[in-house]
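Residue strings, one per chain:
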Amino acid sequence: MPPTQQDVNIESYTEYALGMTIFLTRIFTRLMLAGFRGLHWDDLFTVVAIAFWTTDLVLLQYIGVYGSSVGQNFETAAQLTDAQVESFRIGDKLTFASWNCYICLIWSMKAVLLFYYDRLTMNLWQNQLAKYIRIGTLLTFTIAFLFQYCLCTPIEKAWQVKPYPGDKCVFRKENYILFPILSIISDLGIMAIPLPLLWQVKIPLSRKLILGFLFSSGIFIIIATLLRTVYSLRSLLDLLVATQWATREYLVTAFVVSAPAIKPLFSRRLWGMRGSTRTGSDGPYGSGGSGVRSGKGSKAHSHSVVVESQAKDGSSSSAGKAFEMPSRAWASRKGNNSKMIKLPSEPSQERIVQYSDEEQGIHVTETFTVSSEERKQANK
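## Some remarks on the state of the cysteines
Right, so step 1: This model, assessed by the stated rule, comprises 1 disulfide.
Right, so step 2: In this model, Cys152 is linked to Cys169 through a disulfide, with the two sulfur atoms separated by 1.9 Å. Disulfide Cys152-Cys169: torsion about the S-S bond near 90 degrees, hence right-handed. Taken together, the residues span a long stretch of sequence, with Cys152 in the loop between helix H5 (126–150) and helix H6 (167–170) and Cys169 in helix H6 at a distance of 17 residues.
Right, so step 3: Among the residues examined, Cys169 registers a relative accessible area of 6% and is labelled buried.
Right, so step 4: As a non-bridged cysteine, Cys101 has Cys104 as the owner of its nearest cysteine sulfur, 6.7 Å distant.

Structure, rendered in structure tokens:
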């Protein structure tokens, strides 16, 4: 039984409310962890996704009011009254705008996860991989956007009602085929960033399975995309079916891209260490080793890293020195006098696992070794 306009409206608003709850929870978690000055590009794209989803929801409601040329043909279009033609013309313009919102929303949510992984893989070889995948994802976005505008030319035919402009301009069947292909290619690339780490890190199997599920949850986006494609192609004459599956795809994607950033909210360690400072021998991991101090305020966007000192004879001291090192947040602002010292490092690939749990919390997986001469130069 085909859905009615009322059914689609109820489902669209329900899924929108759930999606906004997910996005706002993500933003709340990031503010808890990093403060406003510690926000990054993935947080910005979360706001961008909220804006496009809200816009698309409004457009879809007005499309239901004005109608569209979907379902018309050469004979039926010729019999439309002037009032119907004008109403459908407005609806077709809104439908064209809705397609634009769909592209921008889906790819902005991909950007949320891409820039999240950019922070997680900092100083790891996967960061270079993430950079290439960001470029590839941008390329797929560009192709989708150009195809949207080049499929039916001149562009005015996209909202031409009478005479009938043809199925290519009205149904846009090619969009339902090309966009999923580009989206799935991007999703597979994004999943390729964190998954290889799970084979190398030494963590309990139960935790590895949880993180594996979290990092591979992009498969649910692919499934939602394929379902939307299949059902939309089977019901080209009914725009409500495509609308219904589009909002479902939005909700699934919103959950998947937000879940890694929301996970720390349910960590007991987060609530115990919020606003605290733990470094060096005072940390919860015992004496010796490195730690990261994170807190709100003027230094919420920097890390204080305890560096293990090594004497000439090769012996090491657990009483390290703290250096300020910037994190992957917004560009430095005036008044930020953080001292940045370039140090040789061999960052552990387990860092992404620790970081996924606590983000800017306490980590013990990254150790820097500085010789006595380097310490003297650093103190100058």
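Having seen the model, we can carry on.
## Points about the packing of helix H4 (residues 82–120) against helix H11 (residues 239–262)
Right, so step 1: It is the contact of H4 with H11, at a shortest axis distance of 9 Å, that shows an interaxial angle of 15 degrees. Compared by their axis directions, H4 and H11 come out roughly parallel. The chirality of how H4 crosses H11 is left-handed. Contacts between H4 and H11 involve Thr95, Tyr102, Leu105, Ile106, Met109, Val112, Leu113 and Tyr116 from the former and Leu239, Glu249, Tyr250, Thr253, Ala254, Val257, Pro260 and Ala261 from the latter.

## Focus: helix H7 (residues 173–191)
Right, so step 1: With 19 residues, H7 extends 28 Å from end C-alpha to end C-alpha; this agrees with the ideal 27 Å at 1.5 Å per step.
Right, so step 2: Taken together, the buried positions of H7 are Asn175, Tyr176, Phe179, Pro180, Leu182, Ser183, Ile184, Ser186, Asp187, Gly189, Ile190 and Met191.
Right, so step 3: Elements in contact with the buried residues of H7: H4, H5, helix H8 (195–198), helix H9 (205–215), helix H10 (218–234) and H11.

## Here we look at empty space enclosed by the protein
Right, so step 1: Evaluation of the coordinates by the stated rule reveals 6 cavities of 30 Å³ or more.
Right, so step 2: There is about 150 Å³ of room inside the largest cavity.
Right, so step 3: Secondary-structure elements contributing two or more residues to the lining of the largest cavity are helix H2 (41–66), H4 and H11.
Right, so step 4: Looking at the lining of the largest cavity, the element that brings in the most residues is H11, giving 5 residues.
Right, so step 5: Tallied by class, the residues present in the lining of the largest cavity amount to 9 nonpolar, 3 polar and 2 charged.

## Digging into the packing of aromatic side chains
Right, so step 1: Tallied over the full model, the rule gives 18 aromatic pairs.
Right, so step 2: Where Trp99 meets Tyr102, the ring centres are 6.0 Å apart and the plane angle is 85 degrees; that geometry is what we call edge-to-face. On the criterion of helical spacing, the pair formed by Trp99 and Tyr102 is a turn pair, its members being 3 residues apart in helix H4.
Right, so step 3: In this structure Trp99 comes out as buried when scored by relative accessible area, which is 7%.
Right, so step 4: Considering the side-chain rings of Phe145 and Tyr149, the 5.4 Å spacing of their centres and the 35 degrees angle between planes classify their relative orientation as tilted. In this pair, Phe145 and Tyr149 both sit in helix H5, 4 residues apart, roughly one turn of the helix.
Right, so step 5: Judged by relative accessible area, Tyr149 falls into the partly exposed class, the value being 34%.
Right, so step 6: One aromatic cluster in this structure is built from Tyr16, Phe23, Trp53, Trp99, Tyr102, Phe147, Tyr176, Phe179 and Tyr250.
Right, so step 7: Over the ring of Trp107 we find Lys110; its NZ or CZ atom is 5.6 Å from the centre of that ring.
Right, so step 8: The ring centre of Trp245 lies 4.5 Å from the NZ or CZ of Arg248, which sits over that ring.

## Section: the side chain of Asp56
Right, so step 1: With respect to the helices, strands and loops of the structure, Asp56 is situated in helix H2.
Right, so step 2: Buried charged residue Asp56 carries no salt bridge. Nearest counter-charge: Arg228, at 7.6 Å.
Right, so step 3: With near-sequence residues (within four places) excluded, Asp56 lies in contact with Ser98, Cys101 and Tyr250.

## Considerations on the nonpolar core
Right, so step 1: In terms of nonpolar packing, the biggest core is built from 45 residues, with Phe23, Trp53, Tyr102, Met109, Tyr117, Tyr250 and Val257 touching the most fellow members.
Right, so step 2: When contributions to this core are tallied by element, the ones reaching two or more residues are helix H1 (5–34), H2, H4, H5, H7, H9 and H11.
Right, so step 3: It is H4 that contributes the most residues to this core, 13 residues altogether.
Right, so step 4: Among all residues touching Val257, those that are not within four sequence positions of it are Phe23, Arg26, Met109, Val112, Leu113 and Ile221.

## Examining the confidence of the model for the protein
Interpretation of this model should avoid reading the predicted coordinates in detail wherever pLDDT is low.
Right, so step 1: Of all residues in the protein, 70% have pLDDT values of 70 or greater, and the mean over the chain is 76.
Right, so step 2: Counting interchain partners and residues more than four positions distant, the pLDDT-below-50 stretch residues 275–352 has 168 contacts.
Right, so step 3: Predicted confidence is poor over residues 354–372, with pLDDT under 50, and the contacts of this stretch with residues over four places away or in other chains come to 80 contacts.

## Quick word on the pattern of salt bridges
Right, so step 1: Under the counting rule described, the total for this entry stands at 9 salt bridges.
Right, so step 2: Asp118 is the partner of Arg134 in a salt bridge, and the nearest nitrogen-oxygen pair spans 3.4 Å. With Arg134 in helix H5 and Asp118 in helix H4, the pair connects residues that are 16 residues apart, well separated along the chain.
Right, so step 3: Assessed through its relative accessible area of 7%, Asp118 is described here as buried.
Right, so step 4: One connected set of salt bridges, linked through shared partners, spans Arg26, Arg30, Asp42, Asp43 and Arg119.

Quick notes on the rules
- Residues numbered from 1 in each chain as written.
- Predicted model: local features only at pLDDT ≥ 70, side-chain atom pairs only at ≥ 80, totals over all residues.
- Heavy atoms only, no water.
- Disulfide = S-S within 2.5 Å.
- Helix = DSSP H or I, 4+ residues; strand = E, 2+ residues; numbered from the N terminus.
- Buried < 20%, exposed > 50% of the residue type's maximum accessible area, 1.4 Å probe, protein only.
- Axes fitted to C-alpha atoms, helices over the stretch in contact; angles between N-to-C directions.
- Parallel < 35°, antiparallel > 145°, perpendicular 65-115°, else oblique.
- Left-handed = near helix turned anticlockwise from the far one by under 90°.
- Contact = heavy atoms within 4.5 Å.
- Expected span 1.5 Å × (residues − 1).
- 1 Å grid on protein atoms, 1.4 Å probe; cavity = no way out; pocket = protein on both sides within 12 Å on 5 of 7 lines; lining within 4 Å.
- Points joined across faces, edges and corners; volume = space filled by probe spheres on them.
- Nonpolar A, V, L, I, M, F, W, Y, C, P; charged D, E, K, R; others polar.
- Phe/Tyr/Trp six-rings, centres within 6.5 Å; stacked < 30°, edge-to-face > 60°.
- Lys NZ or Arg CZ within 6 Å of the ring centre and 35° of its normal.
- Lys, Arg positive; Asp, Glu negative; His and termini not counted.
- Salt bridge = Lys/Arg side-chain N within 4 Å of Asp/Glu carboxyl O.
- Core = buried A, V, L, I, M, F, W, Y, C linked by side-chain atoms within 4.5 Å.
- pLDDT = per-residue confidence, 0-100.

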